[in-house]
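What follows is each chain in one-letter form.
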2 protein chains.
Amino acid sequence: MSDPAHGAEGRSLSRWLPLIGWLQDYDRQSFGRDLLAAVIVSVMLVPQALAYALLAGLPAQVGLYASMLPLVLYALFGTSSTLAVGPVAIISLMTASAIAGMTGADGGALSTPEMLGAALLLALVSGAMLVAMGLLRLGALVNFISHPVISGFMTASGILIIASQLGPLSGLSLKGGNLLEMGESLLSGRHGVHWPTLAIGLGCWTGLILARRHLKNGVMALGLSDTTAGMCCKTTPIIAVIASSLLAWGLNLGDQNAEHGMALVGAVSAGLPVISLPSFVTNDWSGLLISALLISVVGFVESLALAQTLAARRRQRIDPDKELIALGLSNMGAGISGGMPVSGGLSRSVVNFDAGAATPLAGAFTALGILLASLLLTDWLAWLPRATLAAIIIVATTSLIDIAAIKRTFRYSGGDGAALAITLIVTLLHGVESGILAGVVISLVLYLKRTSQPHSALVGRVPGTEHFRNVERHEVETDPQLAILRIDESLYFANARYLEDTVLALTAQRPSLRHLVLACQAVNLIDASALESLEVINERMTAAGVKLHLSEVKGPVMDRLKCSDLPANLGGEIYLSTFDAWQALSVHGSHCGQACALDGVSQTATFR
Amino acid sequence: MSDPAHGAEGRSLSRWLPLIGWLQDYDRQSFGRDLLAAVIVSVMLVPQALAYALLAGLPAQVGLYASMLPLVLYALFGTSSTLAVGPVAIISLMTASAIAGMTGADGGALSTPEMLGAALLLALVSGAMLVAMGLLRLGALVNFISHPVISGFMTASGILIIASQLGPLSGLSLKGGNLLEMGESLLSGRHGVHWPTLAIGLGCWTGLILARRHLKNGVMALGLSDTTAGMCCKTTPIIAVIASSLLAWGLNLGDQNAEHGMALVGAVSAGLPVISLPSFVTNDWSGLLISALLISVVGFVESLALAQTLAARRRQRIDPDKELIALGLSNMGAGISGGMPVSGGLSRSVVNFDAGAATPLAGAFTALGILLASLLLTDWLAWLPRATLAAIIIVATTSLIDIAAIKRTFRYSGGDGAALAITLIVTLLHGVESGILAGVVISLVLYLKRTSQPHSALVGRVPGTEHFRNVERHEVETDPQLAILRIDESLYFANARYLEDTVLALTAQRPSLRHLVLACQAVNLIDASALESLEVINERMTAAGVKLHLSEVKGPVMDRLKCSDLPANLGGEIYLSTFDAWQALSVHGSHCGQACALDGVSQTATFR
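Nothing here was measured: the structure is a model prediction, and the numbers come from that model.

Some points on the sheet that holds strand β6 (residues 515–519) of chain A
Residues and elements named next belong to chain A. Taking strand neighbours across the sheet as the criterion, the six strands line up as β4-β3-β5-β6-β7-β8 in an open arrangement whose pairing is mixed. The open sheet has two free edges, formed respectively by β4 (468–470) and β8 (574–575), since each of these has just one partner strand. Of the pairings in the sheet, the one linking strand β3 (residues 456–461) to β4 comprises three bridges and is antiparallel in character. Across the sheet, residue Gly460 finds its bridge partner in β4, namely Arg469. Its contacts with the sheet put helix α22 (residues 493–509) on β3, β5 (482–487) and β6, and the angle it makes with β5 is roughly 160°.

A closer look at the sheet that holds strand β8 (residues 574–575) of chain B
Residues and elements named next belong to chain B. Taken in spatial order, the six strands of this open sheet run β4-β3-β5-β6-β7-β8, and their pairing is mixed. Sheet topology places β4 (468–470) and β8 at the edges, where each strand pairs with a single neighbour. Pairing of strand β6 (residues 515–519) with strand β7 (residues 547–551) involves five bridges; the strand directions are parallel. Within β7, the position partnered with His515 by the bridge is Lys547. In the packing of helix α23 (residues 528–543) onto the sheet, the strands contacted are β6 and β7, and the crossing angle to β7 comes to about 140°.

Regarding the relation of the copies chain A and chain B
Superposing chain A onto chain B requires a rotation of 180° together with a translation of 0.0 Å along the rotation axis, leaving an RMSD of 0.1 Å. The operation mapping one copy onto its partner corresponds to a two-fold rotation axis. Every residue of chain A has its C-alpha some distance from the rotation axis, and the shortest such distance is that of Ala522 of chain A, at 1.8 Å.

Comments concerning the side chain of Ser164 of chain B
By secondary structure assignment, the location of Ser164 of chain B is in helix α8 (residues 147–170). Judged by relative accessible area, Ser164 of chain B falls into the buried class, the value being 14%.

Here's the deal with the packing of helix α3 (residues 28–55) of chain A against helix α18 (residues 386–397) of chain A
Residues and elements named next belong to chain A. Two numbers describe how α3 lies on α18: the axes approach to 9 Å, and their chain directions differ by 95°. Comparing the axis directions of α3 and α18 gives the class roughly perpendicular. Contacts between α3 and α18 involve Pro47, Leu50, Ala51, Tyr52, Leu54 and Leu55 from the former and Arg386, Leu389, Ile392, Ile393 and Ala396 from the latter.

As for the interface of chain A and chain B
Across the contact, 65 residues belong to chain A and 66 residues belong to chain B. Summed over both sides, the interface of chain A with chain B buries roughly 6200 Å², with 56% coming from carbon and sulfur. Ranking the residues of chain A by area buried against chain B places Tyr412, Tyr447 and Phe493 of chain A at the top, with a combined share of 13%. Counting across the interface, chain A meets chain B through six salt bridges. Between Arg411 of chain B and Asp565 of chain A there is a salt bridge, with the nearest N and O atoms lying 3.7 Å from each other. If you list the elements that add at least two residues to the side of chain A that touches chain B, you get α8 (147–170), α13 (285–313), α19 (403–412), α21 (432–452), α22, α23 (528–543) and α24 (555–561) of chain A.

Re the packing of helix α5 (residues 69–77) of chain A against helix α14 (residues 320–336) of chain A
Residue and element names in this part refer to chain A. Running from N to C, α5 and α14 cross one another at 155°; their axes reach a closest spacing of 8 Å. Relative to α14, the element α5 is oriented roughly antiparallel. Crossing handedness for the pair α5 and α14: right-handed. Judged by residue contacts, Leu69, Pro70, Leu73, Tyr74 and Phe77 of α5 engage Lys322, Glu323, Ala326, Leu329, Ser330, Gly333, Ala334 and Ile336 from α14. Of the residues belonging to the contact of α5 with α14, the class tally is nine nonpolar, two polar and two charged.

Quick word on the pattern of salt bridges
In total, this model carries 14 salt bridges over all chains according to the counting rule given. With a closest N to O distance of 4.0 Å, Lys322 of chain A and Asp319 of chain A form a salt bridge. Assessed through its relative accessible area of 17%, Lys322 of chain A is described here as buried. Classification of Asp319 of chain A by relative accessible area gives partly exposed; the value is 25%. Ionic pairing is found between Lys554 of chain A and Asp488 of chain B, a salt bridge with its closest N-O pair at 3.1 Å. Here Lys554 of chain A is found in the loop between β7 (547–551) and α24, whereas its partner Asp488 of chain B is found in the loop between β5 (482–487) and α22 (493–509) on a different chain. Overall, the relative accessible area of 4% leaves Lys554 of chain A in the buried class. Through salt bridges with shared partners, a single ionic network connects Arg486 and Asp488 of chain A together with Lys554 of chain B.

A few points about the side chain of Thr155 of chain A
Residues and elements named next belong to chain A. In this structure, Thr155 sits in helix α8. Residue Thr155 is classed as buried on the basis of its relative accessible area of 2%. Non-local contacts of Thr155, meaning those with residues more than four positions away in its chain, are made with Leu400, Ile401, Asp402, Ile406 and Leu424.

Quick word on the packing of aromatic side chains
Under the definition given, this model contains 13 aromatic pairs over all chains. Between Phe31 of chain B and Phe365 of chain B, the ring centres sit 5.6 Å apart and the planes meet at 80°, which makes this aromatic pair edge-to-face. Of the two residues, Phe31 of chain B sits in helix α3 (residues 28–55) while Phe365 of chain B sits in helix α16 (residues 361–376), which places them 334 residues apart along the sequence. The partly exposed category is assigned to Phe31 of chain B, whose relative accessible area is 39%. On the basis of an interplanar angle of 75° and a centroid distance of 5.0 Å, the ring pair of Tyr492 of chain B and Phe493 of chain B is categorised as edge-to-face. One exposure class covers both Tyr492 of chain B and Phe493 of chain B, and it is buried. The rings of Phe144, Tyr447, Tyr492 and Phe493 of chain A together with Phe144, Tyr447, Tyr492 and Phe493 of chain B are connected pair by pair, giving a single aromatic cluster. One Lys or Arg, Arg560 of chain A, reaches over the ring of Tyr412 of chain B and ends 5.9 Å from the middle of that ring.

Focus: the environment of Glu184 of chain B
Within the secondary structure, Glu184 of chain B sits in helix α9 (residues 179–188). In this structure, the C-alpha to C-alpha distance between Glu184 of chain B and Ser173 of chain B, residues eleven residues apart in sequence, is 9.7 Å.

Describing the pairing of β5 of chain A
All names here are of chain A. Taken across its six residues, β5 has six buried, putting it largely inside the fold. Alternating residues of β5 divide into Leu482, Ile484 and Arg486 and Ala483, Leu485 and Ile487, and every residue in both groups is buried. Where β3 meets β5, four bridges bridge the pair, whose relative direction is antiparallel. Looking at the pairing, Leu458 lines up with Leu485 of β5. Across five bridges, β5 lies against β6 in parallel orientation. Bridge pairing links Ile484 to Val517 in β6. Taken together, β5, α22 and β6 form a β-α-β motif whose crossover is right-handed.

So, how was this worked out
- Residues numbered from 1 in each chain as written.
- Chains lettered and ligands numbered in written order.
- Predicted model: local features only at pLDDT ≥ 70, side-chain atom pairs only at ≥ 80, totals over all residues.
- Heavy atoms only, no water.
- Pairing = 2+ DSSP bridges.
- Helix = DSSP H or I, 4+ residues; strand = E, 2+ residues; numbered from the N terminus.
- Contact = heavy atoms within 4.5 Å.
- Axes fitted to C-alpha atoms, helices over the stretch in contact; angles between N-to-C directions.
- Least-squares fit on C-alpha atoms with pLDDT ≥ 70 in both.
- Buried < 20%, exposed > 50% of the residue type's maximum accessible area, 1.4 Å probe, protein only.
- Parallel < 35°, antiparallel > 145°, perpendicular 65-115°, else oblique.
- Buried area = accessible area lost by both parts, 1.4 Å probe.
- Salt bridge = Lys/Arg side-chain N within 4 Å of Asp/Glu carboxyl O.
- Left-handed = near helix turned anticlockwise from the far one by under 90°.
- Nonpolar A, V, L, I, M, F, W, Y, C, P; charged D, E, K, R; others polar.
- Phe/Tyr/Trp six-rings, centres within 6.5 Å; stacked < 30°, edge-to-face > 60°.
- Lys NZ or Arg CZ within 6 Å of the ring centre and 35° of its normal.
- Right-handed = clockwise from strand over helix to strand, strands pointing away.

In structure tokens form, the structure reads like this:
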């Protein structure tokens, strides 16, 4: 694998600041590529940033603030040259859910300044957690969120996000962190459909969908390349923003008292964010910590998968632990500069990649673009209808719903399908935090359940070879005095007793048995509980006149066993290979090779 | 295995009432054996029952009540012919700890009637949990408490029990659920050592220890058999009870106002327990449920291990799910008849076994003996010094502390040792409930950590055989164009990414590589996350011009893979055995047998 940063691994400063590596080779060409990518991404990011801030239940400018300092920090510390961080849909949804669960100083729901403070605190705490995980090299922890859980969580989040945006799109009252709450608020809502809002919303939605489907071919017909045409289409949201803002301004749609009054983004305070620590202090730290942990883990999983996919296309490598630190610092940056929790955004990063961003500097340039936008555009943004942003979110979020992946998982395995389904259902009915927690717990429970009742198989010799396979699946040679039991699992506390039961039932069924070989090629671990079980088995076998042998014990397992009394007390031997055991113990054995395999009696036994 | 009850398995009533099976063969000889065992066990149980009730912080007669109905119910439903249920040390300690954690109606500590009610509620709820687990066939759940955790928990509980009894033994103030609390109460206690109490206590302790060490030989010198002499020695506690009660009565030691005033058991309400539901209602159900769950699981683990050990000696079998129901009903019985949580007691069961108890009816006869005792002996028990009971508990509990087992575990494996040490330390410093929970959690975490970074090994052919072993541990043949990587773990979500990293690092290190074989004999599961990783690996290998092959895929794993697209998309082949792959892909292969093994180049590669 080509890995330009690899040579600098030894130098301590560049180990933590990857930019030292790539800045040495920075030239005019890279600058041009980064600048172009930054312009395109900025145009795309402005409406997304506004929309995701509103999705999180926060004022629109928070999204812009979260797209400045975090991007600069990621450019300094990140290892992906193309990942575009900033507000993203799922993290915004999780932020909304976390803030909804907090109570204010008076014990009730949070006021707007308190919500702003809570978002900053969430960003700061989840950022600090990511940095800590990075310093402790705990990047591997995210692996405990399995693919089916991510798949179910993404689809359910997509559905929740789209459902939540149907409110601003239509003027209906549709609030809450899960489908049940949304349904309740819909039934008890005082407002009906606001037709002008719905018209703007559906108009934007149709325009965006049509642009996505057909604009690319149209632009390509003008002679642009496939990639350039694709990028042009990704910037159509800004056209929807400009068009609908002009419409709202021209028709003066913002007058809430008039019949055609429509929800607009409204006054956005112009200027730059102030750097300060969050002033909000929660009275439920454990709740905050759980929310922050889930936000940081989900954000990191999403971001890392994205960064790795993009890096693989350019044959670059991503260091998970450095990514933890970079994403953590970005979030901490958001937490002290008026922002909200951020992560790597899918569509933005792909556009950044396609636009040819050469280095993380493209991200820093994007931050400059957003800064200019927030200085210059605030007057115009006041006229932007919320329905436009809702339509942008709905179109962007549809890609999260991946029915094909769900079908594939169910076809492959019932257990994985169950984990997916439970994550999906709990997320839809009980919100994002419960959903992801339920998914992680159910994955672990299913895995432990599988390993606690291990598969085992009586094996026999494949005639003419040194290979042994399941007597029930293959035509193999066996011997009534000799049973070779292949244990298909590591032996540990959860299945130690199951092993005892299996072996004792086997010997009870076969009175003619004289030798039992446990073939251990699949046993990667024998822990202290399993060792005790083996000792019990050995004692009982010896008492019943059966010799217990082991074969194919792996190096690390054998090293461990040598520290115990088992090898000394074992009734039988420990053979290097099952074939050695077969030769020593079977009536077919004793150096008869291929020749005597022909008259080997192939008999099958019933044993699960 | 001889299993008398096995033939009756089909009949539905005897399936739930094992007594129907053995009652058919009940004769005068069995009756005599059961009666003798019951007399000896009763004599032994009376002081233990009183002592363990006091250990749980309850009035002494609760121990007697808990030794009536529960024993009858176990006789009806239990599958062990020798297990003697009743109050036991660890469960009493856990009961004390659970009750200490509850608050009364006024928000403060419980009054004595409330404590009685809380004990009944605990017994009833933990009994119901056991029955539910039995009906749902969840007996295997107890396997998640590993041997090292049990070992650490037992030893720590033994230390806590002995420490808690040093108070009543000496008159010092020594209360609390862990060593820290006990130390604190000792320092802040107003009472010094009460010398007459200490004299009685130490006297009893010395007597019991001497009897245990030397009485057996003395009795055997009178011509009794080894077993009979052993049983005689087990009844010495009743002698200590009688002697110290007489002493207290003769010297009128019970007068608390006099200088020699000593803590006695005091007035025990004569008569039988009243059958009624517990009247105490807790205001912390989740706390109660956790306590009840821990009590039921620990009680069951202890009881089952004991029953299985005894059954194995007589070649009988214990059905864990039926045992759950029997122990659950016993506890529910205790909960409605003025008792406390019960379990199978070690020393009692061994005595019952040695005395020749033939059927569970011995338990029912023991219940009758306890009933007589509680009717006749209550006046006498009032004079019994608490120090005597403390000495009995200390002597009985010393066997829980098993330093040899701890040493053995540490020598065998650091991970298991860590689980043991953490359980031990947390139990000592934070009480029994935290200890057992910490142990279970740490065992699972350590297991998941081990499996999430799986061992893998590059293997080569053992010359002249079809056997393949680690290139770093054995002298084997290899081929620079072919790498055979043996994966020593099931592939699942927690290690899927680790596998990707391992394989990609391997191919990056070996530019000459053309074929990579993943030897899957130790892979017992490939879940949906790992399948995606394999697909990613396959894509990248194909792009890098390396063919990915699989070998020794097991039947159940292959069945699953056939439901996916991997076999169709795989760059290479799936071979039945690694030797087949070697023959097809290696330069040494192509039907060259032992002869060409001699010129096979044995080279080793560095790879973990």
